[in-house]
Amino acid sequence: MKHVLLFTTMIFCLIGNAFGEESYTRLSILGESMENGTAATVGISSGSDFVYGGVSFSHITSSKVIQYSDRQEIFPVYVFFGLKAPWILTPFVEAGFDFGDALIDDLYGDEDDKPDLVDYYYSGGLAFSATDKISLLLYAKKYNFKFQDHTTSATIKARPDSYGLGVAIRF
């Protein structure tokens, strides 16, 4: 996991320097409807007109089990990165992983007999720049929750689809 974080940081630095653009900070507020629940996310990111990365705090509820100990409500902290274009109406793609799961897996996991249980997501959508500072987002997202059943120790995967709207404010 340490290698993944180092590699991701290096890529962001190289891409940012290659484009030589002014970077900006953006606050995103997102609301999603999932197959069996809802998700709300607040994220902060930094980047250029093409590449961005950041951290988001989510609250996800589901009518089905999505985590260890039969939990149907989780509060993941995602580290994410994305690509977009500098147009008024632009497509974007984004991917992220649950930093808390990755940290716990790295610190306490045994690579020989324990499967990788880090949750992640990927998404794509359209961003409309209403002004220089405010963008409206419409997107689809696919979550991948992995956890071990506390009774059988079998690895369970939940992969709900999500659709959402959001607002991004650029500083």
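Quick caveat: nothing in here was measured; it's all calculated off a predicted structure. (Residues numbered from 1 in each chain as written. Predicted model: local features only at pLDDT ≥ 70, side-chain atom pairs only at ≥ 80, totals over all residues. Heavy atoms only, no water.)

Structural notes on the overall build of the chain
Tallying secondary structure elements over the chain gives two helices and ten strands in all. When the elements of the chain are put in sequence order from the N terminus, they spell out α-β-β-β-β-β-β-α-β-β-β-β. Here the chain holds 171 residues, and the buried ones make up 36% of them. The contacts in the chain between residues at least 6 apart in sequence include a share of 53% that link residues at least 24 apart. As presented, the chain carries roughly 9,900 Å² of accessible surface, and 63% of it is formed by carbon and sulfur atoms. (Helix = DSSP H or I, 4+ residues; strand = E, 2+ residues; numbered from the N terminus. Buried < 20%, exposed > 50% of the residue type's maximum accessible area, 1.4 Å probe, protein only. Contact = heavy atoms within 4.5 Å. Areas by Shrake-Rupley, 256 points an atom, 1.4 Å probe, with all protein chains shown as cover.)

Thoughts on the confidence of the model for the chain
Summary statistics for the chain give a mean pLDDT of 85 and a share of 81% for residues scoring 70 or more. Within the chain, the lowest mean pLDDT, 56, falls on helix α1 (residues 2–19), and the highest, 96, falls on strand β7 (residues 120–129). (pLDDT = per-residue confidence, 0-100.)

Notes on the nonpolar core
Judged by nonpolar contacts, the single largest core of 18 residues is most densely connected at Ile 60, Ile 66, Tyr 78, Phe 92, Leu 137, Tyr 143 and Phe 145. Elements with a contribution of two residues or more to this core: β1 (24–34), β3 (51–62), β5 (77–84), β7 and β8 (134–148). A per-element tally of this core places β8 first, with four residues. Not counting residues up to four positions away in its chain, the partners in contact with Phe 145 are Ile 60, Ile 66, Gln 67, Ile 74, Tyr 78, Asp 119, Ile 156, Lys 157, Ala 158 and Pro 160. (Core = buried A, V, L, I, M, F, W, Y, C linked by side-chain atoms within 4.5 Å.)

Points about the pattern of salt bridges
With the rule as written, the count across this model stands at three salt bridges. The residue Arg 170 makes a salt bridge to Asp 49 at a minimum N-O spacing of 3.8 Å. Highlighted residues: Arg 170 in strand β10 (residues 161–170) and Asp 49 in the loop between β2 (37–47) and β3, separated in sequence by 121 residues. Residues Asp 161 and Lys 142 are paired through a salt bridge, measuring 2.9 Å at the closest nitrogen-oxygen approach. Of this pair, Asp 161 sits in strand β10 while Lys 142 sits in strand β8, and the two are 19 residues apart along the sequence. For Lys 142, a relative accessible area of 19% puts it in the buried group. (Salt bridge = Lys/Arg side-chain N within 4 Å of Asp/Glu carboxyl O.)

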